Amino acid sequence: MSSSNKRRIRKIALEEHFTTPGFQNYSKSFTQHIPAQVLRDLAARLTDFDGQRIEEMDRAGIDYTILSQTGPSVQGEADPQLAISRAQESNDFLARQIARHPTRFGGFATLPMHTAQGASRELTRAVKELGLKGALVNGHTLGTYYDDRAYDPFWATLQELDVPLYLHPTDAFISPRVLDGHPELTGATWGWGVETGSHALRLLFGGVFDRFPGLKIILGHMGEGLPYLRWRFDSRFAVYPHGVALEQAPSAYIGTNIVITTSGVCSAPALMGAIGEMGPQAVMFSVDYPYESTAVAADFIEAAPLDESARHLVCHGNAERIFRL
């Protein structure tokens with residue numbers, strides 16, 4: 001049955017993007033290979049908060065959306081001080097849009113991750129003063145990853161505020177040699193998932209979750225492949241620990257500290273595998289608007305072979321718990 005003529009299941013969506021005026025230049029590396037007509041449509045959707053976005057939400061049964069600045073945002077800004085002011089600008093803009101539709105929109109802060117102190121200050125302001133629900137960070141900042149101990153003050157702030165961080169894909173700082181000559185593999189098709197899944201594993205094996213056990217990291221795209229390798233992470237790490245010591249088996253962090261969304265992976269077998277590995281409490285519905293189809297995502301999650309308890313957790317219950325909605 002099509003998405004336009006059936007009663008919908010209530011949904012909350014978490015990886016849904018917009019763009020702040022003047023931020024388009026940051027996205028040029030992400031959009032340079034997109035055909036001009038498609039790019040115009042994306043630009044119109046990214047700057048819309050009142051028309052097509054809400055209409056599509058209504059048709060899909062999405063009651064509430066947590067919005068995030070499209071990538072790479074200020075992770076692509078070379079000047080640390082400018083990144084701070086641009087992040088403030090973006091978060092203030094987002095808060096104004098939410099204020100016009102407070103029952104339909106929430107927001108993830110964009111953060112200047114160039115320093116732990118700058119990121120912590122802006123996260124605190126965004127959550128306590130602007131009412132944002134956490135943060136979405138587009139991967140590394142100029143080649144720096146956040147397992148570095150210098151970021152421990154940031155993780156302490158995130159844990160204290162008790163809000164999640166969505167770790168969103170970005171381009172590798174240096175493209176792996178294996179991808180040379182294959183630009184079709186470097187972005188969303190494959191390279192972004194490798195980059196982002198690897199970053200999340202750096203946090204895990206770097207002991208970030210042992211030092212800050214209250215952290216919640218969200219990975220999109222059905223967990224960037226990590227749920228399906230939990231057994232192998234345990235098996236091989238036990239044999240080759242390379243001097244690393246963790247308080248738990250690697251798999252124990254995937255489904256607790258690391259939770260996932262379905263954004264951009266509308267596959268019932270993949271969904272069932274992720275739930276089989278981590279449990280239904282660790283998976284949340286999302287679309288990846290406007291880069292994926294809202295209607296396809298909504299139809300997929302409603303038709304997936306879930307029992308009703310699991311379906312309600314995935315569609316809205318887990319988000320309500322994690323974001324205290």
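Details of the structure are given in the entry above.
If you're wondering where the values come from, they're calculated on a predicted model, not measured in any experiment. (Residues numbered from 1 in each chain as written. Predicted model: local features only at pLDDT ≥ 70, side-chain atom pairs only at ≥ 80, totals over all residues. Heavy atoms only, no water.)

Chemist: Help me out: how do you make sense of the pattern of salt bridges in this one?
Modeler: A side chain with one charge may pair with a side chain of the opposite charge, provided their charged atoms come close. The full count for this structure, using the stated rule, is 19 salt bridges. When the shortest N-O distance is used, the salt bridge between D63 and R10 registers 2.9 Å. Taken together, the residues span a long stretch of sequence, with D63 in strand β2 (residues 62-69) and R10 in the segment before β1 (11-18) at a distance of 53 residues. Judged by its relative accessible area of 35%, D63 falls in the partly exposed class. R230 is the partner of E277 in a salt bridge, and the nearest nitrogen-oxygen pair spans 2.8 Å. Taken as a pair, E277 in helix α10 (residues 268-278) and R230 in helix α9 (residues 230-239) lie far apart in primary sequence, 47 residues in all. For R230, a relative accessible area of 15% corresponds to the buried category. Three or more residues are tied together by salt bridges with common partners; here these are R8, K11, D299 and E302. (Salt bridge = Lys/Arg side-chain N within 4 Å of Asp/Glu carboxyl O. Helix = DSSP H or I, 4+ residues; strand = E, 2+ residues; numbered from the N terminus. Buried < 20%, exposed > 50% of the residue type's maximum accessible area, 1.4 Å probe, protein only.)

Chemist: Please explain the layout of surface pockets as it appears in this structure.
Modeler: Over the atoms rolls a probe the size of a water molecule, and in doing so it shows where empty space is left. For the largest pocket, the calculated volume is near 1,100 Å³. Along the walls of the largest pocket sit 37 residues, with F30, G187, A188, T189 and W192 positioned nearest its centre. Residue assignment for the lining of the largest pocket shows that the elements contributing at least two residues are α1 (28-31), α2 (36-46) and α7 (191-205). Per-class residue counts for the lining of the largest pocket are 13 nonpolar, 19 polar and five charged. (1 Å grid on protein atoms, 1.4 Å probe; cavity = no way out; pocket = protein on both sides within 12 Å on 5 of 7 lines; lining within 4 Å. Points joined across faces, edges and corners; volume = space filled by probe spheres on them. Nonpolar A, V, L, I, M, F, W, Y, C, P; charged D, E, K, R; others polar.)

Chemist: Just checking my understanding: could you explain the sheet that holds strand β3 (residues 105-107) for this structure?
Modeler: Strands belonging to one sheet form pairs held by backbone hydrogen bonds; the direction of such a pair is parallel or antiparallel. Taken in spatial order, the three strands of this open sheet run β1-β2-β3, and their pairing is parallel. At either end of the open sheet lies a strand with only one pairing partner, and these are β1 and β3. Ignoring strand direction, the axes of neighbouring strands in this sheet form an average angle of 30 degrees. Pairing between β1 and β2: six bridges, direction parallel. Of the residues in β2, the one forming a bridge with I12 is Y64. Along the sheet, helix α3 (residues 52-60) contacts β1, β2 and β3; its crossing angle with β2, the most-contacted strand, is approximately 140 degrees. (Pairing = 2+ DSSP bridges. Axes fitted to C-alpha atoms, helices over the stretch in contact; angles between N-to-C directions. Contact = heavy atoms within 4.5 Å.)

Chemist: I would appreciate a short explanation of a nonpolar patch on the surface in the present structure.
Modeler: The grouping of L142, F173 and I174 at the surface amounts to a nonpolar patch, some 340 Å² of accessible area in total. Here I174 is to be found in the loop between β5 (165-167) and α7. (Patch = residues over 30% accessible without salt bridge, like charges linked within 9 Å, V, L, I, M, F, W, Y side chains within 5 Å. Areas by Shrake-Rupley, 256 points an atom, 1.4 Å probe, with all protein chains shown as cover.)

Chemist: Got a minute to help me understand α3 in this structure?
Modeler: Owing to its 3.6 residues per turn, the α-helix brings residues three or four apart onto one side. R53, I54, E56, M57 and A60 are the residues of α3 that are buried. One side of α3 carries all its buried residues, which in axial view fall inside an arc of 160 degrees. On its buried face, α3 sits against β1, α2, β2, β3 and α11 (294-303). Positive phi shows up at G61, right after α3, with a value of about 80 degrees. (Arc of directions from axis to C-beta.)

Chemist: Explain the packing of helix α4 (residues 80-100) against helix α5 (residues 116-128) to me, please; I cannot follow it from the model alone.
Modeler: Two quantities define a packed helix pair, namely the angle between the helix axes and the distance between the axes. Orientation of α4 relative to α5, taken along the N-to-C sense of each, is 15 degrees, at an axis distance of 11 Å. When the interaxial angle is binned, α4 and α5 end up roughly parallel. Relative to α5, α4 is oriented so that their crossing is right-handed. Of the residues in α5, those touching α4 at A87, Q88, N91 and D92 are E122, R125 and A126. Tallied by class, residues from the contact of α4 with α5 come to two nonpolar, two polar and three charged. (Parallel < 35°, antiparallel > 145°, perpendicular 65-115°, else oblique. Left-handed = near helix turned anticlockwise from the far one by under 90°.)

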